[in-house]
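Residue strings, one per chain:
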Amino acid sequence: MDERKEEAGYREAVEKFYEVYEPLRERYGLHMHSHSSISDDNSIKVWEHDGHCICLIKDEDESSCYRRAAETLEDYSTMKEEGKEDARKAG
């Protein structure tokens, strides 16, 4: 039973990550790389087309890695939208 909960939690975390990542990828030209390992930390790196890293998450737990990356990308999205609002108000 616990294994099913872990699998469901992992699936939810990955789905949430891609729900957040895909629209941002299309809008801002983002790229990503993920690494999973049983002997090393898991990692997710997301960067802009110019190479600027916007997200580098490392965690022993793969589900947690995806959840944290999704949260970071949500913050990035909010920051970008607020920046556009500020630019519109100034212009």
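Data block above holds the structure.
Residues numbered from 1 in each chain as written. Predicted model: local features only at pLDDT ≥ 70, side-chain atom pairs only at ≥ 80, totals over all residues. Heavy atoms only, no water.

Time to look at the nonpolar core. Among the nonpolar cores identified, the biggest contains 19 residues, and Phe17, Leu30, Val46 and Leu73 are the most heavily contacted of them. When residues of this core are traced back to their parent elements, those giving at least two are helix H1 (2-28), strand S2 (42-47), strand S3 (53-59) and helix H2 (62-90). When residues no more than four places from it in sequence are discounted, the contact partners of Leu73 are Phe17, Val20, Tyr21, Leu24, Val46, Ile54 and Cys55. (Core = buried A, V, L, I, M, F, W, Y, C linked by side-chain atoms within 4.5 Å. Buried < 20%, exposed > 50% of the residue type's maximum accessible area, 1.4 Å probe, protein only. Helix = DSSP H or I, 4+ residues; strand = E, 2+ residues; numbered from the N terminus. Contact = heavy atoms within 4.5 Å.)

A word on the side chain of Asp59. You can see Asp59 is positioned in strand S3. Residue class for Asp59 comes out buried when judged on its relative accessible area of 18%. Of note is the side chain of Asp59, whose polar atom sits 3.1 Å from the side chain of Ser64. Side-chain polar atoms of Asp59 contact the side chain of Arg68, separated by 3.0 Å. Ignoring anything within four residues of it in the chain, the contact list for Asp59 reads Asp41, Asn42, Ser64, Cys65 and Arg68. (Polar contact = N/O pair within 3.5 Å; in protein donor to acceptor, adjacent residues only side chain to side chain.)

Now for the pairing of strand S1 (residues 31-35). Across five bridges, the pairing between S1 and S2 is antiparallel. Directly across from Ser34, in S2, lies its bridge partner Ile44. Hairpin connection between S1 and S2: a loop of six residues separates the two successive antiparallel strands. (Pairing = 2+ DSSP bridges.)

Spatial strand order, S1-S2-S3: three strands in an open sheet with antiparallel pairing. The open sheet has two edge strands, S1 and S3, and neither has a second partner. Each neighbouring strand pair of the sheet contributes to a mean axis angle of 5°, computed without reference to strand direction. Pairing of S2 with S3 involves six bridges; the strand directions are antiparallel. By the bridge assignment for S3, Val46 is matched with Cys55. (Axes fitted to C-alpha atoms, helices over the stretch in contact; angles between N-to-C directions.)

Note that every value here comes from positions in space, so none of it alone points to a role or purpose.
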